Amino acid sequence: MSRVTVLALRVLIALLLAGLLFVQAVIVPLLMIDLEGAPDRLRWPVGVIVILGVLTVEVALVCIWQLLTMVKRGTVFSRAAFRYVDVVIGAAVAAWLLAIALSFVLAPGEEVPPGMVLLVVIGGVGAAGIALLVLVLRALLAQATSLRSELEEVI
C-alpha cells in the first residue's frame, strides 16, 4: 500500500474520530435533553446504548489505525495483527448486540414509530455483516501469515 493511501486513510480515520468526539460532546447531551419528557424506560437505556455504540466505532477505528501502522511498517502479516482484527470483530459484534437491545427498548409503546425500529434493526444487520466480513478477512490473514512463515522457512 502506498504512502499516499495510508495517509489518506489516516486522515479519514482522524476526521471520523473527531466527528465521533463531537457526537459524544454535543449530540448525546442534546439527545438526553430531548428525551427529558420521555418515560424513564426509554430515556436512560437509549442514552447508554448510544454512548456505547459510539464507543464501539471508536475502538474499531483505533484498531484500524494500528493495522495501518503495521501495513506501513510491513509487519501486518504477523501474529500481532490478529489482536487488532479480533478487537474489530468484537466491536462489530458489540454494535450488533447494542442494536438488538435498542430495538427491544424502542419497540413497545407508541413513543417511537415502527419505521425507526426497523432502521435500528437494519443497522444491526449491517453491523453483523461487518463482523462476518472481518471474520472472513481474518481467516485470509491467517492463511497469508502461515504461507509467509513457510516461505521464510524455505528461504
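Please refer to the structure placed before this passage.
Residues numbered from 1 in each chain as written. Predicted model: local features only at pLDDT ≥ 70, side-chain atom pairs only at ≥ 80, totals over all residues. Heavy atoms only, no water.

Draft legend 1. Representation of the overall build of the protein chain within the structure. Check the secondary structure of the protein chain and you find four helices and zero strands. Ordered by position from the N terminus, the helices and strands of the protein chain form the series α-α-α-α. Its C-alpha atoms give the protein chain a radius of gyration of 19 Å, clearly above 15 Å, the size a compact globule of 155 residues would have. Taking the principal axes of its C-alpha atoms as reference, the protein chain extends roughly 70 × 25 × 20 Å. Residues counted as buried form 30% of the 155 residues belonging to the protein chain. Considering only contacts within the protein chain whose residues lie at least 6 apart along the sequence, 72% involve residues at least 24 apart. Carbon and sulfur atoms make up 75% of the accessible area of the protein chain, which totals about 9800 Å². Counting 10 positive and 10 negative side-chain charges, the protein chain places the centres of these two groups 15 Å from one another. (Helix = DSSP H or I, 4+ residues; strand = E, 2+ residues; numbered from the N terminus. Rg over C-alpha atoms; globule rule 2.2 N^0.38 Å. Buried < 20%, exposed > 50% of the residue type's maximum accessible area, 1.4 Å probe, protein only. Contact = heavy atoms within 4.5 Å. Areas by Shrake-Rupley, 256 points an atom, 1.4 Å probe, with all protein chains shown as cover. Lys, Arg positive; Asp, Glu negative; His and termini not counted. Charge placed at Lys NZ, Arg CZ, Asp CG, Glu CD.)

Draft legend 2. Representation of the environment of Val 125. Mapped onto the fold, Val 125 is located in helix α4 (residues 114–154). Taking the C-alpha atoms as reference points, Val 125 and Val 26, separated by 99 residues in sequence, lie 27 Å from one another.

Draft legend 3. The packing of helix α2 (residues 40–73) against helix α3 (residues 80–106), seen in detail. Direction vectors running N to C along α2 and α3 enclose 160°, while the axes themselves pass 9 Å from each other. Classified by the interaxial angle, the pair formed by α2 and α3 is roughly antiparallel. Classified by chirality, the crossing of α3 by α2 is left-handed. Here the residues of the contact of α2 with α3 sort into 25 nonpolar, three polar and one charged. (Axes fitted to C-alpha atoms, helices over the stretch in contact; angles between N-to-C directions. Parallel < 35°, antiparallel > 145°, perpendicular 65-115°, else oblique. Left-handed = near helix turned anticlockwise from the far one by under 90°. Nonpolar A, V, L, I, M, F, W, Y, C, P; charged D, E, K, R; others polar.)

Draft legend 4. A look at the pattern of salt bridges. The full count for this structure, using the stated rule, is one salt bridge. We note a salt bridge from Asp 86 to Arg 138, for which the minimum N-O separation is 2.5 Å. Of this pair, Asp 86 sits in helix α3 while Arg 138 is found in helix α4, placing the two residues 52 residues apart along the sequence. You can call Arg 138 partly exposed: its relative accessible area is 27%. (Salt bridge = Lys/Arg side-chain N within 4 Å of Asp/Glu carboxyl O.)

Draft legend 5. Representation of the nonpolar core within the structure. If you look at the biggest cluster of nonpolar residues, it comprises 13 residues, and the most contacted ones within it are Leu 42, Val 46, Leu 102 and Leu 106. Listed by contribution, the elements that provide at least two residues to this core are α2, α3 and α4. Looking at this core element by element, the count peaks at five residues for α3. For Leu 102, the contacting residues outside a window of four places in its chain are Val 46, Ile 49 and Val 120. In terms of nonpolar packing, the next biggest core, distinct from the first, is built from twelve residues, Leu 67, Ala 81, Val 85 and Val 134 among them. (Core = buried A, V, L, I, M, F, W, Y, C linked by side-chain atoms within 4.5 Å.)

Draft legend 6. Here's a closer look at helix α1 (residues 3–34). With 32 residues, α1 extends 44 Å from end C-alpha to end C-alpha; this agrees with the ideal 46 Å at 1.5 Å per step. Its maximal kink placed at Val 23, α1 deviates by approximately 40°. For α1, every residue scored as buried is listed here: Val 6, Arg 10, Ile 13, Leu 20, Val 28 and Met 32. Next to the buried residues of α1 lie α2. (Expected span 1.5 Å × (residues − 1). Bend = angle between axes of the 7 residues up to and from the residue.)

Draft legend 7. Up close: the packing of α1 against α2. Across the interface, α1 lies against α2 with an axial gap of 10 Å and an inter-helix angle of 165°. As summarised for this structure, α1 and α2 are arranged roughly antiparallel, according to the angle between their axes. α2 is crossed by α1, and the crossing has left-handed handedness.

The values are spatial; any link to function lies outside them.
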